[in-house]
There are 2 protein chains.
Amino acid sequence: MISVRDDWVLGFDADDTLWHNENIFEHTHQRYRALLARFHDAATVERTLFATEMRNLELYGYGVKGFTLSAIETAITLTAGRISAEEIQQLIALGKDMLAHPVELLDGVEETLTELGGRHQLLLITKGDLRDQERKLAKSRLAARFRQVEIVSEKDEATYRGIFRRHGIPPERFIMVGNSLKSDILPVLALGGVGVHVPYHLTWAAERVDEAPRAEGRFFRLGSMRELHSLVDEVTGRGR
Amino acid sequence: MISVRDDWVLGFDADDTLWHNENIFEHTHQRYRALLARFHDAATVERTLFATEMRNLELYGYGVKGFTLSAIETAITLTAGRISAEEIQQLIALGKDMLAHPVELLDGVEETLTELGGRHQLLLITKGDLRDQERKLAKSRLAARFRQVEIVSEKDEATYRGIFRRHGIPPERFIMVGNSLKSDILPVLALGGVGVHVPYHLTWAAERVDEAPRAEGRFFRLGSMRELHSLVDEVTGRGR
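Values in this document were obtained by computation on a predicted structure and should not be read as measured data.

A. The arrangement of the pairing of strand 1 (residues 9–12) of chain B in detail. Residue and element names in this part refer to chain B. Of the two faces of strand 1, the one carrying Val9 and Gly11 and the one carrying Leu10 and Phe12 are both buried. Two elements, strand 1 and strand 2 (residues 121–127), share four bridges in a ladder whose sense is parallel. Bridge pairing in strand 2 links Val9 to Gln121. Pairing of strand 1 with strand 4 (residues 174–178) involves four bridges; the strand directions are parallel. If you follow Gly11 over to strand 4, its bridge partner there is Met176.

Below you can see the structure in the form of structure tokens.
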């Protein structure tokens, strides 16, 4: 239970909000397209891989292991079984490379968490593979900044409602910071919280939304984490 | 935070404690050995697969997706790349079958949880893949019986210590029920709690321990969940 008093609680997404992630996937996609280039053009490879991922999402959930399995499945289908076992071994190795990849923090993250952590309770709310997210958090050396870490399988309204209930957080005193409108912003706005969108330069197709959030005074978009501190001051000051 | 009052908290493992799981893996292993039978004898296949799993455990963690990736990797190695893409597709399908498998409760589980849930706070503590464990819990229709569900990446002393702290549970008022000495019993005994071992007829090699628990009056072994109710009465009555 987080003691909220008169205080605000700040939730942070992890991948592509605190540290780089989508660029690692993008690098893997490049190598994947190259591996299949003698069979299909890049657009066909990408379209088919994405379709496989979406079809498997309910079963696999998010994360690198499910991605790797979907990549193998797609490669076998797209090559009508002509891909070699050795090339499939390369796909497994690509997946392992992703899991073992170093964690690189985004610009301004450490200072921002230090400044805000002194005044507010910080929560980490991330979706994906349990072991992989724990490992990235450990590598980031940011774990101690957070009062609580929530690794969830989906970030929808039900998930945020559960987190608010578990930690006794009034939604109108909650600010969520993240790069995904779909997972970080829209569900929080729908529950009456504040959403701060800090876009990453790459967005996975499954996280893209057309809907522009409408929530007067509760939705903000920043160019970088460096701008978060003064925005939070403004938002939370307003509530006092 | 669980309100403990004078009450005891009961922790339950899930796989092979509340519902069948290892038998699904065993069935998959049989089909895996059959697939590779023209290359190697069963013992070699099993030994090599287990070695791959253990080598990948730190990176993949527990669960079906990591198992499937390790099974593909092992099959390619053991056949020196002669396994066909179509057979690898079969391995992916085997993994999906495991994820989609119905959940079958063990004998006596529902009645026991009903009886004990009326008097004690029940916690579910399970390790593995987040999405898969959530799905199995949903399929089991047991979720509402538990005050809290903890899906963790490892069940060691640090994990249980964290759970005790998060929920304000005094270890000496905690009883853990499970089929794995390594994951359910030994760490809880080490922290001063009570361990109730209810063995399943199959145990994955990675969960086997030689060590016989030594904890006078705090370690019990039962033949079935049906015996749990009266044991808990005895143990908790003792503490009053």
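B. View of unusual backbone geometry. Positioned with a positive phi, Arg141(A) is a non-glycine residue whose angle comes to about 60°. By the element assignment, Arg141(A) lies in the loop between helix 6 (130–140) and strand 3 (148–152). Residue classification places Arg141(A) among the exposed residues on the basis of 11 C-beta atoms within 10 Å. Despite not being glycine, Ala80(B) shows a phi value in the positive range, around 50°. The topology assignment puts Ala80(B) in the loop between helix 3 (64–78) and helix 4 (85–100). For Ala80(B), a count of 10 C-beta atoms within 10 Å translates into the label exposed.

C. Broad picture of the relation of the copies chain A and chain B. Placing chain A over chain B gives an RMSD of 0.0 Å and needs a rotation angle of 180°, together with 0.0 Å of translation along the axis. In symmetry terms, the pair is related by a two-fold rotation axis. The residues that chain A uses at the interface reappear at the interface of chain B in 100% of cases, marking a shared surface.

D. Summary view of the pairing of strand 3 (residues 148–152) of chain B. Residues and elements named next belong to chain B. Pairing geometry for strand 2 and strand 3, over five bridges, is parallel. Paired with Thr126 across the two strands is Ile151, which belongs to strand 3. You can see the chain leave strand 2, run along helix 6 (residues 130–140) and come back into strand 3, and the turn it takes is right-handed.

E. Summary view of the domain arrangement of chain A. Residues and elements named next belong to chain A. Partitioning chain A into structural domains gives domain 1 (9–19 + 104–238) and domain 2 (22–100). Measuring from the centre of the C-alpha atoms in domain 1 to the corresponding centre in domain 2 gives 29 Å. Tallying the contact residues gives twelve residues for domain 1 and twelve residues for domain 2. Taken together, the residues of the side of domain 1 that touches domain 2 break down into five nonpolar, three polar and four charged.

F. A look at the packing of helix 2 (residues 42–60) of chain B against helix 3 of chain B. All names here are of chain B. At a minimum axis distance of 9 Å, the contact between helix 2 and helix 3 shows a crossing angle of 130°. Relative to helix 3, helix 2 is oriented oblique. Note on packing geometry: the crossing formed by helix 2 with helix 3 is right-handed. Two secondary-structure elements touch here, helix 2 through Val45, Thr48, Leu49, Thr52, Glu53, Asn56 and Tyr60 and helix 3 through Gly66, Phe67, Leu69, Ser70, Ala71, Glu73, Thr74 and Leu78. Here the contact of helix 2 with helix 3 is composed, by residue class, of seven nonpolar, six polar and two charged.

Definitions and limits used
- Residues numbered from 1 in each chain as written.
- Chains lettered and ligands numbered in written order.
- Predicted model: local features only at pLDDT ≥ 70, side-chain atom pairs only at ≥ 80, totals over all residues.
- Buried ≥ 20, exposed ≤ 12 C-beta atoms within 10 Å, placed from the backbone.
- Helix = DSSP H or I, 4+ residues; strand = E, 2+ residues; numbered from the N terminus.
- Pairing = 2+ DSSP bridges.
- Least-squares fit on C-alpha atoms with pLDDT ≥ 70 in both.
- Contact = placed C-beta atoms within 7 Å.
- Right-handed = clockwise from strand over helix to strand, strands pointing away.
- Domains from an automatic or database assignment.
- Nonpolar A, V, L, I, M, F, W, Y, C, P; charged D, E, K, R; others polar.
- Axes fitted to C-alpha atoms, helices over the stretch in contact; angles between N-to-C directions.
- Parallel < 35°, antiparallel > 145°, perpendicular 65-115°, else oblique.
- Left-handed = near helix turned anticlockwise from the far one by under 90°.

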